[in-house]
Structures are given as structure tokens and as C-alpha cells.
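Coordinate inspection notes
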Amino acid sequence: MSAEAANPVSTAEDAATDVTVRKRGRARIDLRRLGRAALLGATAGPAPRDRLPDAIGHVAEAHRAHHPEADLTVLRRAYVLAESSHRGQFRKSGEPYITHPLAVTLILAELGAETTTLTASLLHDTVEDTEVMLDQVRREFGDEVAYLVDGVTKVEKIDYGAAAEPETFRKMLVATGNDVRVMSIKLADRLHNMRTLGVMRPEKQARIARVTRDVLIPLAERLGVQALKTELEDLVFAILHPEEYETTRALVAGAPHAPDALGAVAEQVDAVLREAGIGAEVHVRPRHFVSVHRVRLKRGDLRGCDFGRLLVLVAEDADCYAVLGELHTCFTPVISEFKDFIAAPKFNLYQSLHTAVAAPDGAVAEVLIRTHRMHRVAEAGVVALGNPHGGPEPAEQPEDAAPPAGPQGAPASPAPEDGERVDPTRPGWLSRLLDWQQSAPDPDTFWTSLRADLAEDDEITVFRADGDAPGTISLPAGASCVDAAYAQHGEAAHACLGARVNGRLAPLSTVLGDGDTVQLLLAQDPVSGPSPEWLDHARTPAARIAITGWLRDHPESAAPADPRHRPRPDDRPGTRRPDPRPADDRPGTRSDPRPADDRRSGAELHADVDGERPAAVRPAGCCTPVPPDEITGFRVSGGSVTVHRSGCASVDAMRRIGRAPVAVRWGDTAQGRVTLVAESFGRPGLLADLTEAIATAGAAVVSATVEPPSEQRVRHTYTLHLPDAAELPALMRAMRDVPGVYDVSRARHRASPRPRPRRT
């Protein structure tokens with residue numbers, strides 16, 4: 001594919017855009033209009049020292065448009081060094097190599113980059129491809145420029161082999177964490193390379209385009225540099241999907257009057273806003289090819305207004321809402337298309353109001369409403385924010401006045417007394433990325449995780465409910481409690497048992513929403529660890545890498561045990577196995593002559609009844625009363641008296657059907673039998689720890705039931721014989737203290753809704 005074929009700019013596209021609309025409209029920052037002809041002046045030889053070389057005249061003009069007071073002396077010195085060091089080198093297209101750094105610098109100048117960034121972009125290939133050393137760049141231009149140049153310099157392939165590409169991106173991302181301008185230069189560098197990719201072999205074009213699609217375009221989106229992102233998307237679209245690209249290109253070329261439909265709506269909108277006294281600029285904004293392709297897939301046949309959108313620019317934030325009110329009053333709004341990214345900006349700093357309105361003739365037009373400042377940030381993103389370190393821009397750096405270097409050679413931030421570093425370009429996604437990459441030393445793991453992480457196109461914020469250290473956690477949309485645990489606690493999250501989401505207990509698999517409040521519950525047991533099922537719920541690379549590493553180091557936890565051969569939890573070495581028999585039935589103790597019965601408490605119960613003595617007085621199985629519970633008795637069939645706790649639901653049911661209560665009381669015996677329900681989060685060894693806590697408290701297990709896990713939660717039901725029923729509260733506290741157990745309660749069975757009356 002030729003360079004011209006790889007470039008989506010064509011005569012057909014130019015024909016599709018009406019000239020009058022271009023004059024009236026405010027197109028996006030168009031980085032394609034400057035061809036290479038202006039750059040070839042680089043071969044004209046050196047310029048006198050008192051003026052700029054002709055080759056960077058276009059760069060200076062674009063730079064002064066954004067920074068009228070900029071000192072261009074440092075740009076001249078950087079160009080002279082770059083031109084002399086690259087002299088004799090040529091690109092595969094046959095052009096002098098200096099045209100490439102000039103083109104990259106021109107792209108950044110058009111976006112409004114400050115002088116330091118432009119200086120580094122002119123020199124960005126000198127250390128990698130020429131004899132110039134980084135120390136020389138540092139001596140002549142200072143630490144800040146040297147850091148940016150080093151950040152975009154590739155690692156040596158001879159040292160890293162096949163891992164050179166992922167390790168180069170790792171190096172750049174780490175450098176971007178300290179100074180986002182590193183990635184700005186890389187994005188501009190990739191854009192110019194993509195423009196001239198047609199001279200490469202088709203297979204190499206495809207490989208570079210795939211990396212651009214998977215890594216560079218998501219980074220441009222996250223950094224908010226829409227002007228770079230849209231052109232990169234079109235270039236990748238042309239290479240990886242040539243048939244769809246040609247179809248879309250023909251569709252745009254076949255609708256030369258499409259901008260007229262938007263222009264007509266723009267005139268109506270402009271008239272409405274003038275009449276309302278709102279100062280605003282209304283522009284037609286044509287869609288780029290990928291956007292047209294997406295709209296066609298979504299809506300099918302396209303109408304004139306589908307080939308672009310209206311852009312309304314105002315002075316103040318309040319004016320955006322005033323414009324919105326007028327549009328929704330004077331036109332029919334399409335409510336489903338309304339989005340407020342001013343009150344809730346996107347994670348890439350983007351702010352705007354989105355809406356769609358239907359004109360009287362039925363044409364539906366999408367409208368973007370934003371301030372001029374919002375528009376600059378929407379187009380140029382972090383590039384428009386300038387120097388992230390604050391303070392005056394170091395346009396001219398004397399050799400003996402170089403600022404001290406920060407970590408890893410990064411320029412140091414100003415001292416707190418001079419104003420803390422304000423860097424809105426270090427959002428949550430970048431901080432998370434820099435954290436998890438440290439846990440991925442393997443290049444393949446890093447490369448795969450990076451692509452997966454960048455594929456997430458939205459972000460949520462959840463609030464921590466720790467009490468001691470409240471705050472927020474930024475996570476990708478669709479993240480679960482597992483991701484929140486590792487984002488907050490790192491490897492300590494291995495011991496996470498569950499969470500409270502918005503105050504309610506929730507399993508770790510719970511997917512979090514924007515604005516949720518999360519309290520993570522950690523076990524105190526140092527041997528606790530994640531289960532393989534956690535990987536099904538982990539969305540972030542940080543969580544997946546940590547879980548995978550733990551399972552790799554603990555292979556016994558990675559494979560689920562066969563339940564048919566699962567060892568008894570009480571068979572662990574050093575664990576005292578509790579005797580399931582009542583205390584009086586154990587060897588060496590006095591045996592009770594009465595037969596054992598699960599519904600018998602073992603405590604003495606007396607019923608005060610007139611006439612015939614009851615056949616038996618026994619505790620009810622629904623509430624298992626034990627001393628010193630308040631109790632109430634009722635006669636049942638067979639003449640027995642069943643004893644309930646006073647608060648049992650069966651007591652009210654018996655009264656409703658006319659059953660008379662029987663006075664009952666405890667005898668002198670302190671022992672008792674009780675049924676307890678333990679609610680817990682599933683983890684290895686939980687059953688053994690619970691039975692050990694029961695045995696330590698001196699209770700005996702009469703029976704135990706463990707229900708199958710449901711959403712990582714497990715319910716244990718124990719019928720226990722207590723030598724002293726007064727110790728029940730202490731036993732319940734001991735069971736609650738077992739890691740993973742979040743509630744222990746007395747068993748309460750639901751009473752029958754309508755007990756049948758006894759026949760007389």
C-alpha cells in the first residue's frame with residue numbers, strides 16, 4: 001500500500017466538505033493539512049545565527065499562535081543539533097530524516113505544546129539514532145528536556161530481543177507517570193509514522209497498525225488528545241479494514257451535500273441563540289471516517305445530518321446550560337441522547353454537554369455544547385495543559401543552572417513553598433497502571449495485561465468506608481469487590497473474606513457501580529489466600545497478576561479438592577477433635593439414664609400443670625431454649641409440653657389458635673443443648689477453625705450441617721451440648737471471632753402459618 005493510499009485524506013473527502021461550511025465552521029484541529037513540502041526546507045543548509053532556519057518557520061508560526069511570548073532561541077539550538085546529527089540519514093520514503101522530527105514538532109505545535117516539549121520533540125531521535133549522547137542533551141538543554149528525550153528513546157533490541165517492544169512501552173509509561181509530555185511526543189511520533197507507513201511491507205504495516213490500535217489509540221483517548229486519536233483511528237482503519245474503509249470513503253464522497261443539511265440546522269440554532277441574547281459560536285463539525293462507519297453500523301442508512309455534528313462554543317460554564325435550555329425549548333429534544341459531561345467529566349478530562357434536537361423539517365442533529373477552554377482540552381487533552389510541573393517554562397537553560405533531577409532523572413517538582421505540583425494529567429488509570437506493572441516482570445504478561453487494561457474505556461469511583469482512612473478508589477467500569485480489594489490493600493487483599501457494599505454484606509464477586517461505598521473485610525489469619533474462582537471476577541491487571549502469582553506459589557490451593565477424598569477438617573495435626581457426644585455420655589463420666597434426643601436440651605424443665613402430669617417436658621426444636629432464656633410452654637398431642645423461647649414466632653401462632661400457655665420453669669441443672677447458625681464467607685479450613693473454637697469453649701457437637709456455598713457465602717448449623725448454658729454468649733462471641741465468620745445466631749425456624757387445633 002502506498003503512503004497516499006494509507007492516508008485517509010483524499011480528494012473525495014475534500015469534495016465531501018463544502019467550502020462555505022469550512023469557512024463558517026470550526027473544524028477539529030486538522031493535523032493533516034500541512035504536507036511535507038514545507039519540511040523539505042531542512043536541506044537548504046544552516047541559517048545565520050541571528051534568525052530561525054527556514055525549515056522550522058512553520059513550527060515557529062504555529063507555536064507563536066498559542067504562545068505569543070515564547071522564546072524561540074532554544075528551538076533554533078535544538079534544530080541545529082538535530083539537523084547536524086541526522087545529516088546524511090534518510091527515511092525509507094527517501095526523504096531526509098530531519099523531516100520526521102520536524103513533522104512531529106509541527107504536530108505538537110499545532111496542538112499548543114509549550115517550548116520544552118517542542119525542544120524535546122526536535123531531539124527525540126538523536127540519542128537513539130545518532131552519536132549524540134543523553135549527557136550532551138542534558139548539558140545543552142537541561143534535565144527536563146533530557147528526561148523527555150530519554151523517555152521516548154527505545155530500549156536496545158540487542159539487549160531485550162523479542163521483549164524490546166513491550167519493555168520500550170513499559171519504560172515510556174513509567175516516564176509518563178512523572179511527566180505526561182513523554183507520551184505526547186510518542187503519540188505525535190506514531191502519527192507521523194502512520195502517515196508515511198505506505199512504504200513498508202504490508203505485513204509490517206498491519207503489525208504496526210495493530211499495536212497502534214491496541215495501545216496508542218487508547219492512550220490518546222485516555223489522555224484526551226482527540227485530534228491525534230481521530231486521525232490515528234482513520235489511518236488504522238484504512239490498513240486493517242481496507243474494504244470497510246473504502247465503503248465508508250465512498251459513502252462520504254457520495255453525499256457531497258450532506259453538510260448543507262447540518263448547515264441549515266446550524267443557522268436555525270444560531271438565530272435562536274441570538275434572539276435569546278446568548279453569545280455563542282455555532283459550527284459544523286464533520287465526522288471522521290471511523291465515526292461515520294460506527295454511525296452506519298448503529299443506524300443503517302445515513303441521512304445528511306448523520307455525517308457530522310453541531311458544535312456550540314460559549315464563554316462560561318453557565319452559558320452551556322443556557323444554550324441547552326434554549327435548544328430544548330425551541331426544538332424537539334431527543335432525550336435519550338442527552339449526556340452531561342460538565343457536571344461529571346470523563347476520566348480523560350473531557351467536558352461537554354451532548355444532546356440531539358429535531359428541526360421543524362424532521363432532521364435530527366447531534367449537538368455538542370462547551371466553552372472555548374473545554375474545546376481546547378477536548379481537542380488537545382493533556383497537551384493543552386502545558387507543563388505539568390507548574391512554574392515558568394524553562395525556555396533558555398544555562399549550563400550551570402540546571403534544576404535538580406527528581407526520581408529516575410525526572411525534573412523535580414517545585415518546592416511546596418513555591419506551590420505544590422499540580423498535575424491533572426496523572427489520573428487514576430495511570431496510577432493503577434504504574435502500580436501493577438511493577439508486579440509483571442515478565443514482558444509477555446505485561447504486554448497482554450497492558451492491552452487488556454487499555455481496552456477498558458470507562459472508569460468508576462467508589463468510596464471507602466474504612467472509618468480510619470476514608471477516601472476513594474478509581475476502578476474501570478465493571479470492576480468487582482475483588483478489584484477494589486487489591487486496589488486498596490495490594491497483596492494484603494489475599495486475606496479478603498467479603499465486603500459490605502452500601503452497608504450490606506456482599507460477596508467478592510459483586511460488580512461495583514459508580515458512587516458505591518465499599519468496606520472490605522479482611523481475615524486476620526496469615527495463611528488465608530484467594531481461590532481460583534477469584535480470577536473469574538477480577539477485571540484489573542493488578543488483581544489478576546496478584547491472584548495468579550499467589551496461586552502459582554500455592555499450587556495446593558489452585559486445584560479444587562475432590563469432595564470424595566476431602567480430609568476431615570478436624571484431622572489437621574495439632575487440632576483437638578471435639579467429642580460429639582454429650583459430656584455425661586463420655587467415658588469416665590456419669591451417664592444419664594434417659595435416651596439421647598436431639599430435641600432435648602439436657603437441662604431440667606418443669607411444667608406447673610393441674611391434673612394429669614405431662615408425659616414429657618421438652619424444648620421446642622424451632623428455637624432450642626436454654627437457661628436462662630425466658631420460656632413459655634404449650635401442650636401438644638400425646639400430652640407432652642413443648643417449651644419455646646418467649647420471643648419465638650410459634651408462641652404467637654399457638655395463641656392465635658386458642659392454645660393456652662403452660663407455666664414452665666428451669667430446674668437446677670445448668671447444662672443445655674442449643675442450635676446455632678454461623679454465617680460466613682467460604683475459605684479453606686473454616687470448618688476446622690469453627691469446630692476448634694466450639695471445643696475450646698467446652699461445648700460438644702451433637703450434629704452439624706454445612707450448606708453448599710452460595711456466592712462465596714456458607715451457612716453452618718450446629719446443635720451443641722453446653723455443660724453450662726450461661727456460657728452461651730461467650731461461645732457465640734468465640735465463633736464470631738473466627739476469621740471469615742460475620743454472624744452467629746440462635747436457630748429460628750419459621751412457624752407453621754396455621755397450626756391445626758386439637759380435636760376434642
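Let me sum up the structure you'll find in this document. (Residues numbered from 1 in each chain as written. Predicted model: local features only at pLDDT ≥ 70, side-chain atom pairs only at ≥ 80, totals over all residues. Heavy atoms only, no water.)

**Considering the overall build of the protein**
Across its full length, the protein holds 28 helices and 20 strands. The buried share of the protein, reckoned over its 760 residues, is 49%. In the protein, 69% of the contacts between residues at least 6 apart in sequence involve partners at least 24 apart. (Helix = DSSP H or I, 4+ residues; strand = E, 2+ residues; numbered from the N terminus. Buried < 20%, exposed > 50% of the residue type's maximum accessible area, 1.4 Å probe, protein only. Contact = heavy atoms within 4.5 Å.)

**Digging into the nonpolar core**
Core analysis: the largest hydrophobic core is formed by 76 residues, its most contacted members being L111, L123, V137, F141, M194, V215 and L450. At 8 residues, the largest contribution of residues to this core is made by helix α14 (residues 202–222). The contacts of L450, once residues within four sequence positions are left out, are L173, V215, L433 and W436. Counting residues in each nonpolar core, the second largest holds 27 residues, with V265, F331, I342 and A363 among its members. (Core = buried A, V, L, I, M, F, W, Y, C linked by side-chain atoms within 4.5 Å.)

**Side note on the pattern of salt bridges**
Scanning the entire structure with this criterion turns up 20 salt bridges. The salt bridge involving R170 is made with E167; its shortest N-O contact spans 3.1 Å. Of this pair, R170 and E167 both sit in helix α12 (residues 164–178), 3 residues apart, which is roughly one turn of that helix. Members of the salt-bridge network, linked through shared partners, are E114, E144, D179 and R181. (Salt bridge = Lys/Arg side-chain N within 4 Å of Asp/Glu carboxyl O.)

**Quick notes on the sheet that holds strand β11 (residues 517–522)**
Two strands in a sheet stick together by hydrogen bonds in their backbones, pointing the same way (parallel) or opposite ways (antiparallel). One open sheet accounts for 5 strands, arranged β8-β7-β11-β9-β10; its pairing is mixed. Since the sheet does not close on itself, it has two edges, and those belong to β8 (471–476) and β10 (504–506), each with one partner. Between one strand axis and the next, the sheet turns by 40° as a mean value, whatever way the strands run. (Pairing = 2+ DSSP bridges. Axes fitted to C-alpha atoms, helices over the stretch in contact; angles between N-to-C directions.)

**Concerning the pairing of strand β9 (residues 496–501)**
Of all 6 residues making up β9, 5 are buried, and the element is well covered by its neighbours. For β9 and β11, the ladder comprises 5 bridges, and the chain directions are antiparallel. Paired with V501 across the strands is V518, a residue of β11. Bridge analysis of β9 against β10 gives 3 bridges, and the strand direction is antiparallel. Note on β10: the bridge partner recorded for V501 is R504. Hairpin connection between β9 and β10: a loop of 2 residues separates the two successive antiparallel strands, and N502 in this loop has a positive phi of roughly 55°.

**Remarks on helix α26 (residues 649–656)**
For α26, every residue scored as buried is listed here: S650, V651, A653 and M654. Projected onto a plane normal to the axis of α26, the buried residues spread over an arc of 165° and lie on a single side. Immediately downstream of α26, the backbone of G658 shows phi near 90°, a positive value. (Arc of directions from axis to C-beta.)

**Description of the environment of A258**
In this structure, A258 sits in helix α17 (residues 258–275). Contacts of A258, omitting those with residues within four sequence positions, involve G304 and F307.

**Comments concerning the packing of aromatic side chains**
The way to describe two aromatic rings as a pair is by their centre distance and the angle between their planes. Following the criterion strictly, the structure yields 5 aromatic pairs and no others. Measuring from ring centre to ring centre gives 5.5 Å for Y245 and F289, while their planes differ by 55°; the resulting arrangement is tilted. Note that Y245 is positioned in helix α16 (residues 242–253) and F289 in helix α18 (residues 289–299), a separation of 44 residues in sequence. Under the relative-accessibility criterion, F289 is labelled buried at 2%. (Phe/Tyr/Trp six-rings, centres within 6.5 Å; stacked < 30°, edge-to-face > 60°.)

**A closer look at the environment of A543**
Looking at the element boundaries, A543 is found in helix α24 (residues 541–553). Exposure remark for A543: the relative accessible area of 0% places this residue in the buried category. Once you skip the residues sitting within four places of it in the chain, A543 turns out to touch V482, D483, Y486 and A538.

**What to know about the packing of α16 against α18**
Contact geometry for α16 and α18: axes closest at 10 Å, N-to-C directions at 90°. By the angle class used here, α16 and α18 are roughly perpendicular. Within the contact between the two elements, α16 uses E244, Y245, T247, T248, R249, L251 and V252 and α18 uses F289, V292, H293 and R296. Here the contact of α16 with α18 is built from residues that sort into 5 nonpolar, 3 polar and 3 charged. (Parallel < 35°, antiparallel > 145°, perpendicular 65-115°, else oblique. Nonpolar A, V, L, I, M, F, W, Y, C, P; charged D, E, K, R; others polar.)

**A word on the side chain of T153**
With respect to the secondary-structure elements, T153 resides in the loop between α10 (143–152) and α11 (157–160). If sequence neighbours within four positions are ignored, T153 has contacts with H124, V127, E128 and K171.

**A short note on the sheet that holds strand β20 (residues 741–746)**
The sheet built from 4 strands is open, its strands ordered β18-β19-β17-β20 with antiparallel pairing. Edge positions in the sheet fall to β18 (700–706) and β20, since each has one partner strand and no second. Shown here is a sheet whose adjacent strand axes are inclined to one another by a mean of 20°, direction ignored. Lying on the sheet, helix α27 (residues 686–696) is in contact with β17 (672–681), β18, β19 (713–722) and β20; it crosses β19 at an angle near 25°. Against the sheet, helix α28 (residues 728–736) contacts β17, β19 and β20, and its axis sits at roughly 155° relative to β20.

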